[in-house]
Structure formats: C-alpha cells, structure tokens
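Summary of structural features
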Amino acid sequence: MLRFITSSLRCSNKIWPTTSRLSMQTSLPSQSKPSAVFMSTFTDAELARLHKTRNIGISAHIDSGKTTLTERVLYYTGRIDQIHEVRGKDNVGAKMDSMELEREKGITIQSAATYTTWNGHNINIIDTPGHVDFTIEVERALRVLDSAVLVLCSVGGVQSQTMTVDRQMKRYNVPRLAFINKMDRAGANPDRVINQLKTKLRLNVSPVQVPIGSEDQFKGVVDLVKGVAYYNEGSNGEKIVEGPIPDDLADIVKERRAELIASLAEVDDDMAEVFLEEKEPTVDQLKHAIRRTTIAQKFVPVFMGSAYWNKSVQPLLDGVIDYLPAPHEVENYALDLDKEEEKIELSSSASKPLVSLAFKLEEGRFGQLTYVRVYQGTIKKGSWIVNTRTGKKIKVPRVARMHSNEMEDVEVVQAGEICALFGVECASGDTFTDGALNYSMTTMFVPQTVMSLSITPKTKETPNFSKALTRFQKEDPTFRVHVDPESKQTIISGMGELHLEIYVERMRREYNVDCTTGKPQVAFRETITKSVPFNYTHKKQSGGSGQFGRVVGYIEVMEGPAEDGRTIEFVNQTVGMNIPSQYIPAIQKGFYEACEKGSLIGSQVTGVRFVLEDGLAHSVDSSEMAFKLAAIYAFREAFAKASPIVLEPIMSVNVTAPAECQGSVVGLLNKRKGTILNSEVRDGYVEVDSEVPLNDMFGFSTDLRSLTQGKGEYSMEYKMHSPAMPQVQQQLMADYARSQGKK
C-alpha cells in the first residue's frame, strides 16, 4: 500500500574524504580526512552550519533542461509559489532566466544564482548557460562551487557541450551527480546515456535508480539504495509517494543493485570488504560509500527523471544532500603573496581572517553588483575589506543574497557561502581579505576568442557606446574590444556569432545605441615551422647620440603553451655583460610587440620561442629603444625565413538531423571542408560528429535548415588552431597585400 512520506535522507556527522581545488588530480585516497589541520578550529555550531550547506551548479549541453530543473527545485523547496516554463505562454518565463533576451530566445545567457532550503539544509544554486558561446559563465561558476549536477538529455546523451562541461569540472576538481532528464521523451534510452558517460567521458558511473517505464509511460523511479519505488502525485508533482518495487522490475533492480555494489567496490575499500565477503551492504553502508567515492571524484551516481513533467526531482535533491560535499569537505587553496606565492590551505572557519573571491560582475539597478564566494572568515555590512590586487581598502555598503534578479539584504555572510556586494569597484577574479592576510586566489581559465566583428554606431557616437563596451568587457572576460590601428574601426571579439550578436542587441536595448556590424572576422594566427638563427644589428646615426643594439640567437617552434598559458615565450640565455641586464626587458618587449602582428596576413603570431644568446651594446648609443627595435627587426627577419604558415580555428561540430537526411548532411559538411569523425543513426535520427574550419561555418545554419526542412540542428565549439589549406593561405595573403596596397 502506498503511503505519503517526507523525502528526507539525513546526513550523518561523519567526516568524509575531501577534494582539492588547486591540484589537477582527480582521485584522492579514500580514507583522507578533510582539512584535518583545521578541524580543531570549528565550534560545534559552526560545524553544524557547514554540514547543512551545499554549493552546487547545474550544468549541461544546451536544451537538456537545466533551467526547467532549477525551476522545479525552487518550487518543491518552497522558494517560488508558481512554476513558469522557459518558453512560457504566460509571458513570465522561468525564474532563473531574468533577462528579457533569455525569455525571448528560450536560452540561458548569464549564470544566475539563488539559494533555497531542503530538509533543513541550505543550498546555494547557480544555473549556468548550455550554449558554448557563454562557456565562461560555466567556467567561473565551477571555479567557486563545491559540487555540481551534470544534466543529460535521455535522447541526446553526451553531446559536445557536455564534454566541455566535463573538462571544466575536472579542471576545478568538482564532484558531481548525473541527472538523466527528459525520461518522458520518445526515444529515451538511459542505458545508452550511461554507456556514453563511461566511454566518452571516462567516468566510473552507475545508476542509483531504475526508471519505472519510459517515454510516455514513465511513472517514477526505484531507489536502488533503499529498495523502494518513488512516484509523484499532485497537480505539480509536489507529493512524493513511496511504494513497493513493481514485480516486473524485481529482477532488473536486483541486477542493477549488484552492479552498483560492484562499481563501488572497485574504488572504495570498505565496500570492497563487504563485496568480497559476499555480504549484503546495509542502506547506511551504501550511502556512506557513495558519498565517500563521489566526494573523492572516483564515482558518479546517476539519477533519472523528467523535470518538465514534475517527476523524480525530489529524490535528486535528497541525493544532493546525501552525496555532495559540504564547504569544509573541499580543500581550497590560496597563494601567499608575502611568501613567493606559497600554496596555503584555507579553512572554512568564520572566525579566521577573511579570504574571498569576486567571480562575477553585473551592472545592477544600484550600480555594480559583485558576486563573491567567501572561503574563509566573514563579510559584514559596513566592514572594511582589501583588494589584494590593487591594495585598495573598501567599505562594504551593502551585502545581499541573490535570488535570480531579486535580492535579500543580509548583515553577515560566513565562510562557505555565496553573496553579492554593492558599490565595490573591482575586476572579475579579484581576491578580497580583511587586511590581515596578503593572499590571492588562483585565477580561472579563460578561453581564447574565436571571432571578431567591426562595430560602429548608426548615429553619431555617444558616451553610451563606450560605456556599454567598457561594462561588457568588465563583466565578461571572453568579450574583448580594441581599435584597429589601420582602419581605426572598433573591433569586438568573442566566442562565436551568438555571443557577439547578444552583446550588440544588449547595446540597443540597455543603452539605446543602435549599431551596424561588419563581416565576421575569424581569429587566424601565424606561426613558424622550423628553427632559424638571427644576428641583427640596429644602427642609426643622426648627429649626437644615435641608436645601437645587436641581438644574436634563434627562434624555434613551441610545442605547447608555457606554464603561464602564453603561446609565445622569451628565453634569455646570455652569459656575461655583452648586453647589459637593463636592456633585456626591452628586447623581450620588442619580441612580444612583433608577435602582435605577423607579416603574412597581419594576424597574431603564436607558437614561437625567442631565444636570446648574445649581442652587443655601445656605451653611448645603446638604449632601451635601440634594443627593442633590434628585437623587432631581428624577429621579422627570422620569421620570414622560418617557413611561416597561417593557422585557422577548427570547430567541433555536432549535427543532429532525420536519418533520411544523412547523405545531405555529410555532403554539406564535406562541402565546407569538414572531416567526418563519427556518424551514428538511432531512433530515426542521425548524429554526425565532425571538425570544420570556422571560416567555412558562416551561413551553415540556414543551409542545414533548408536541407532538413527545419528539422536539423547543430552545435559547435572551438577545438584548436590548425594549419590552413595552401589555397586558403594564398587567398588570405593576397587579400592582406591588397588591403595594405590601398593605404
């Protein structure tokens, strides 16, 4: 007989293994203790607060149902009173899509933060965009969150942006749960999705639930840990009902539970002991093993449901509480600037000196809104904080918790929590302390831009034009602006067509500046293919002291980025004082300046190492300017002899279309110089993975729609820069020579 229950799986006070946020290791000893050095500093009240706090992100490929899932989470936890859909007919839209453009287009553009409570636990949630053009929003969210929910479509499975999100989670060592959404869709196949998680993402995954039915017959799930079935009842699925396991699923449940235990036994010593003794683990043993291995990033539990149809969201919330880490169970590190950036582990104690990170900026109604993660210590309204980058002391006028675009003023925010500050001038990635420590948090990874557009206001340029560009650059590290020194045009660069289109539209709506854009420009690069020596003397005499500087060395190919992420490198191998040490920085500056514009097509030079071995200076005529010019001319001369080539951005393109259109889709990709990597037909649809030069992707969506009668869709993301085909290089060089000849 069915009975109503309160869906609550309480956390024990056991201390679990932790995950480190600085090292790139993704597996840790299963028995390691979290922040053991700090455990004595926590009071009982503080430990209780931390145990009942979770900071999670919800991330996925576009259209997997992240925002819909977040909407249900907020509704079931009592944070909102009504459910609104992403593309709702009531003209309200989902709570987390607060921007007008987001509601119009039905996509998330900016990550949105909120907080809620579930069974006595406080949960800070950040809903992130799924489109590759807004990947920086996912990057900075995962940089500050303790854990995440990876949402997958039961039909689409692991898609291109899923792989990007997986890389980001691994980069910041973020433990995660997987949630297979849209179990009600035709063609839903959770087993195939689980297999893709194992093969494509190389994760140790196992379902902790078995679906009861699928597609339009999806009714609920069976919990493999507790051995009960869960159903949702009520107009919006607000009542979670427990029942016995359906008879027709008994054998499958038994088999899947055995698989779950075997998967855990491979990575957890306690469960391995139980498994080898052929004992049946208790519910608590299973839950503890899942939690230990999830936090240590050795295991990913898989949940299932349908957020849109209000099914099985509450068990996922229980999983967040039961299996994901509290703030003090994650190791966070800062760099001590007073001790040559020595790595220091931070405590999650509110009584320690403050260390916090500004990870996102927004222009709000009341000025700049700065999202901050507090790692250690406390931020109070009216207190003074110090920006360690600038050394500036700032008074905190207002502290708030965010609920999408709404806010709730608070007096105090403690370690392990996320808040927003008003009236605090800073840049994204700045570290704030209370002045007692000179610490800096590690920076986040910012991908290179792949596309540029020239932009000009339709009417006379107004202050709003530059104000908008300045604000957008401050908010988004992947949006960049510069003025072309030759054409004097303003150039905006970003992650793709949609990314730049959104900012142009925001300028029109938010700043009343209508703009016209030029033809999209692809971010080509230039590089060399062989090592070439140089011996260049810069000599100029014009009465009085002249200019003299000689540089000797060679340039060579760099195989990969340097430790600091740079794709060009200067190496000083001089011995003795032929070149006085004060001129070395000028030579380095000259090399970097020369790399800004190559001689083939005027693009940035990449993948080059400049090695300085010797040189000569004059006691009177040598100067910093002379050596800087010597380096520039030496590099240009050597570059021309080093068989330079043009590199073009290559995109990973994933196309989904009706199976009968397979030949047309493959032909379309081939026509655009694409390389087909994989083609798979399933459930009447074909999915084609390919690599295509970005320069050949313009207008692709129009062609795809016309070929597939509007049924085809695609996604693409930047993969790498690769040598352009000879005819493409020749054409680019001819175009560049023509443009230079006109000047």
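Residues numbered from 1 in each chain as written. Predicted model: local features only at pLDDT ≥ 70, side-chain atom pairs only at ≥ 80, totals over all residues. Heavy atoms only, no water.

**What to know about the overall build of the protein chain**
For clarity, the cut-off: Strands here are runs of E lasting at least two residues and helices are runs of H or I lasting at least four, both read from the DSSP assignment and numbered beginning at the N terminus. Only protein chains enter the accessibility calculation, which uses a 1.4 Å probe; a residue is then buried when its area is under 20% of its type maximum, exposed when over 50%, and partly exposed in between. In this analysis, two residues are considered to be in contact whenever any of their non-hydrogen atoms come within 4.5 Å of each other. Throughout, the Shrake-Rupley method with a 1.4 Å probe supplies accessible areas, and for residues the shown protein chains are the sole cover considered.
The secondary structure content of the protein chain amounts to 17 helices and 42 strands. Out of the 743 residues belonging to the protein chain, those deemed buried represent 57%. Considering only contacts within the protein chain whose residues lie at least 6 apart along the sequence, 73% involve residues at least 24 apart. Carbon and sulfur atoms provide 49% of the accessible area of the protein chain, an area that totals close to 31700 Å².

**Here we look at the packing of helix α9 (residues 283-295) against helix α10 (residues 314-323)**
The condition is simple: Each axis is a line fitted through C-alpha atoms, taken for helices only over the stretch in contact, and angles between the N-to-C directions span 0 to 180 degrees. Any angle that falls under 35 degrees is termed roughly parallel, while one over 145 is termed roughly antiparallel, one within 65 to 115 roughly perpendicular, and all others oblique. Note on residue categories: nonpolar means Ala, Val, Leu, Ile, Met, Phe, Trp, Tyr, Cys or Pro, charged means Asp, Glu, Lys or Arg, and polar means any other residue, Gly included.
Close contact between α9 and α10 brings their axes to 9 Å; oriented N to C, the two are set at 75 degrees. Considering the angle they form, α9 stands roughly perpendicular to α10. Seen from α9, the contacting residues are Lys287, Ile290, Arg291, Thr294 and Ile295; seen from α10, they are Ile321, Asp322 and Tyr323. A per-class count over the contact of α9 with α10 returns 4 nonpolar, 1 polar and 3 charged.

**Structural notes on the sheet that holds strand β16 (residues 342-345)**
Rule in force here: By this definition, two strands are paired if DSSP reports at least two bridges between them.
Strand order across the open sheet formed by 3 strands is β16-β15-β27, with antiparallel pairing between neighbours. This sheet does not close on itself; its edge strands, each paired only once, are β16 and β27 (439-441). Strand after strand, the sheet turns through a mean of 40 degrees between neighbouring axes, direction not considered. Where strand β15 (residues 333-336) meets β16, 4 bridges bridge the pair, whose relative direction is antiparallel. Bridging across to β16, tyrosine 333 finds its partner in glutamate 345.

**Comments concerning the sheet that holds strand β34 (residues 532-540)**
Reading across from one edge, β34-β35-β38-β36 is the order of the 4 strands in this open sheet, with mixed pairing throughout. Both edges of this open sheet fall to β34 and β36 (568-572), since each of them pairs with a single strand only. Going across the sheet, the axis of each strand differs from the next one's by a mean of 25 degrees, ignoring polarity. Of the strand pairs in this sheet, β36 and strand β38 (residues 608-616) are connected by 5 bridges, and their pairing is parallel. Counted as the bridge partner of glutamate 569 is arginine 609 from β38. Along the sheet face, helix α13 (residues 584-595) touches β35 (547-557), β36 and β38 and points at about 155 degrees away from the line of β36. Running over the sheet, helix α14 (residues 624-641) touches β34, β35 and β38 and is turned about 35 degrees from β35.

**Observations concerning the side chain of glutamate 648**
The line we're drawing: None of His or the chain ends enter the tally, which takes Lys and Arg as positive and Asp and Glu as negative. Whenever a carboxyl oxygen of Asp or Glu lies within 4 Å of a side-chain nitrogen of Lys or Arg, that contact is scored as a salt bridge.
Along the chain, the position of glutamate 648 falls in strand β39 (residues 645-658). No salt bridge is formed by the buried glutamate 648. Its closest oppositely charged neighbour is lysine 673, at 7.3 Å. With near-sequence residues (within four places) excluded, glutamate 648 lies in contact with Phe524, Pro693, Asn695, Met720, His721, Ser722, Ala724, Met725 and Val728.

**Observations regarding the packing of helix α7 (residues 250-267) against helix α8 (residues 269-276)**
Definition in use: Handedness of a helix crossing follows the sense of rotation of the near helix relative to the far helix, less than a right angle counterclockwise being left-handed and clockwise being right-handed.
Where α7 contacts α8, the two axes come as close as 6 Å, and the packing angle between them is 125 degrees. Classified by the interaxial angle, the pair formed by α7 and α8 is oblique. The handedness of the crossing between α7 and α8 comes out as left-handed. Between α7 and α8, the residues in contact are Ile261, Ala262, Leu264, Ala265 and Val267 and Asp269, Met271, Ala272 and Phe275, respectively. Per-class residue counts for the contact of α7 with α8 are 8 nonpolar, no polar and 1 charged.

**Here's the deal with the environment of proline 207**
By secondary structure assignment, the location of proline 207 is in strand β8 (residues 205-207). We classify proline 207 as buried; its relative accessible area is 5%.

**A look at the side chain of glutamine 159**
You can see glutamine 159 is positioned in the loop between β6 (147-153) and α5 (160-171). Glutamine 159 has contacts with His61 and Ser64, leaving out every residue within four places of it along the chain.

**Quick notes on the nonpolar core**
Across soluble globular proteins, nonpolar side chains have a tendency to be buried as a group. Note the following rule: Joining through side-chain atoms within 4.5 Å is the link that ties buried Ala, Val, Leu, Ile, Met, Phe, Trp, Tyr and Cys residues into a set, and such a set is a nonpolar core.
In this structure, Met507, Ile555, Ile587, Phe591, Phe610 and Phe635 are the most contacted members of the largest nonpolar core, which totals 70 residues. In terms of residue count, the dominant contributor to this core is α14 (8 residues). For methionine 507, the contacting residues outside a window of four places in its chain are Ile455, Phe465, Ala468, Leu469, Phe472, Asn512, Val513 and Cys515.

**Side note on the confidence of the model for the protein chain**
So the rule is basically this: Confidence of the prediction at every residue is given by pLDDT, a number between 0 and 100.
Averaged over every residue, the pLDDT of the protein chain is 83; the share at 70 or more is 88%. When mean pLDDT is compared element by element in the protein chain, strand β13 (residues 300-304) scores highest at 94, while strand β1 (residues 3-4) scores lowest at 35. Here residues 22-40 is a poorly scored stretch, pLDDT under 50, and it has 48 contacts once near neighbours within four places are set aside; other chains count.

**Comments concerning the packing of aromatic side chains**
Definition in use: Only rings of Phe, Tyr and Trp enter the pairing, Trp through its six-membered ring, and a pair is recorded when the two centres are within 6.5 Å. The plane angle decides the type: under 30 degrees is stacked, over 60 is edge-to-face, the rest tilted.
Within this structure, the stated rule accounts for 16 aromatic pairs. A centroid spacing of 5.2 Å and a plane angle of 85 degrees characterise the contact between tyrosine 308 and tryptophan 309, whose relative ring orientation is edge-to-face. Centre to centre, the rings of phenylalanine 472 and tyrosine 503 are 4.8 Å apart; their planes meet at 45 degrees, and the pair counts as tilted. Of this pair, phenylalanine 472 sits in helix α11 (residues 463-475) while tyrosine 503 is found in helix α12 (residues 497-511), placing the two residues 31 residues apart along the sequence.

**Some words on α14**
Worth spelling out the cut-off: To estimate the expected span of a helix, subtract one from its residue number and multiply by 1.5 Å.
For α14, built from 18 residues, the straight-helix expectation of 26 Å at 1.5 Å per residue is met to within 8% by its first-to-last C-alpha distance of 26 Å. Residues of α14 that are buried: Ala626, Phe627, Lys628, Leu629, Ala630, Ala631, Ile632, Ala634, Phe635, Ala638 and Phe639. Buried-residue contacts for α14 involve β33 (525-527), β34, β35, α13, β37 (604-605) and β38. Downstream of α14 by a residue or two, serine 643 has a phi angle that is positive, lying close to 50 degrees.

**As for the pattern of salt bridges**
Applying the stated criterion across every chain, the model contains 29 salt bridges. For arginine 471, the salt bridge identified is with glutamate 510, shortest N-O distance 2.9 Å. Remark: glutamate 510 occurs in helix α12 and arginine 471 occurs in helix α11; sequence separation between them is 39 residues. The class for arginine 471 is buried, based on a relative accessible area of 13%. Between arginine 672 and aspartate 703 there is a salt bridge, with its nearest N and O atoms 2.5 Å apart. Note that arginine 672 is positioned in the loop between α15 (662-671) and β40 (675-682) and aspartate 703 in helix α16 (residues 700-707), a separation of 31 residues in sequence. For aspartate 703, a relative accessible area of 28% gives the class partly exposed.

**Here's the deal with the environment of proline 281**
By the element assignment, proline 281 lies in the loop between α8 and α9. When near neighbours in sequence (up to four residues on either side) are disregarded, proline 281 contacts Arg257, Ile261, Met271, Val274 and Leu286.

**Overview of the environment of isoleucine 58**
Inspection of the secondary structure puts isoleucine 58 in strand β3 (residues 53-60). Along the backbone, isoleucine 58 and alanine 178 are 120 residues apart, and their C-alpha atoms lie at a distance of 10.0 Å. Apart from residues lying up to four places away in sequence, isoleucine 58 is in contact with Lys66, Leu69, Thr70, Ile125, Ile126, Asp127, Thr128, Val149 and Val151.

**A word on the pairing of β38**
Where β35 meets β38, 8 bridges bridge the pair, whose relative direction is antiparallel. Each bridged residue has a counterpart across the sheet, and for arginine 550 the counterpart in β38 is leucine 616.

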